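One-letter residues, chain by chain:
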Amino acid sequence: MTVADLDMRLGSAELTEWMAYEKITGPLGRRRHDIQAATISSTVANANRGKGRKFEVRDFLPAYGMERQSPTDMLAAIRGINKAMGGDEHARRDD
């Protein structure tokens, strides 16, 4: 089926229902690129970690069906992870 065929057959209401379903359950289709990316991310994180806990693939998967975090909350989470892994934060200097 082409995009034009789908456009002719699928109404706005049904498309909206599928979009809501996908937002709750995660991406539709055979390929889940988020799982592939999470697998690579956990491998890289584990290769570069110290003696801390081992990262799991699920640590890098988006939490579907949950509220999105604000940018401030995301930055706080990243700073917490960085600190837990012994990283330093270097403030950006605007000269």
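See the structure above.
Residues numbered from 1 in each chain as written. Predicted model: local features only at pLDDT ≥ 70, side-chain atom pairs only at ≥ 80, totals over all residues. Heavy atoms only, no water.

Student: Can you break down the overall build of the protein residue by residue, with the values?
Tutor: When its secondary structure is counted, the protein shows four helices and zero strands. Of the regular secondary structure in the protein, the N- to C-terminal order runs α-α-α-α. Its C-alpha radius of gyration of 19 Å places the protein more than 25% over the 12 Å reference for a compact globule of 95 residues. Taken over the C-alpha atoms alone, the protein extends approximately 55 × 35 × 25 Å along its principal axes. Of all 95 residues assigned to the protein, the portion counted as buried reaches 7%. Residue pairs at least 24 apart in sequence account for 38% of intrachain contacts in the protein once pairs closer than 6 positions are excluded. (Helix = DSSP H or I, 4+ residues; strand = E, 2+ residues; numbered from the N terminus. Rg over C-alpha atoms; globule rule 2.2 N^0.38 Å. Buried < 20%, exposed > 50% of the residue type's maximum accessible area, 1.4 Å probe, protein only. Contact = heavy atoms within 4.5 Å.)

Student: Summarise helix α2 (residues 12-25); cite the residues concerned and give the values.
Tutor: For α2, spanning 14 residues, the distance from its first C-alpha to its last is 20 Å, which sits close to the expected 20 Å at 1.5 Å a residue. Looking at the residues trailing α2, positive phi occurs at glycine 26, about 105°. (Expected span 1.5 Å × (residues − 1).)

Student: Mind laying out the pattern of salt bridges, listing which residues take part and the relevant values?
Tutor: According to the stated counting rule, one finds two salt bridges in the structure shown. For aspartate 59, the salt bridge goes to arginine 53, with nearest N and O atoms at 3.0 Å. On the basis of relative accessible area, aspartate 59 is assigned to the partly exposed category, the value being 33%. Given the relative accessible area of 52%, arginine 53 is considered exposed. Between glutamate 89 and arginine 79 there is a salt bridge, with the nearest N and O atoms lying 2.9 Å from each other. Here the residue glutamate 89 occupies a position in the segment after α4 (71-84), and arginine 79 occupies one in helix α4, the gap between them amounting to 10 residues. (Salt bridge = Lys/Arg side-chain N within 4 Å of Asp/Glu carboxyl O.)

Student: Which residues make up a nonpolar patch on the surface, and what values do they have?
Tutor: Taken together, Trp18, Tyr21 and Leu28 make up a surface patch of nonpolar side chains, about 310 Å² in accessible area. Residue leucine 28 is classed as partly exposed on the basis of its relative accessible area of 40%. (Patch = residues over 30% accessible without salt bridge, like charges linked within 9 Å, V, L, I, M, F, W, Y side chains within 5 Å. Areas by Shrake-Rupley, 256 points an atom, 1.4 Å probe, with all protein chains shown as cover.)

Student: Report on the side chain of aspartate 34, specifying residues and quantitative values.
Tutor: Of note, aspartate 34 is situated in helix α3 (residues 33-47). Aspartate 34 gets classed as buried once you look at its relative accessible area, which sits at 13%. Sequence-distant contacts of aspartate 34, defined by excluding residues within four places in its chain, comprise Pro27, Leu61, Pro62 and Tyr64.

Limitation: the analysis is restricted to geometry and does not speak to function.
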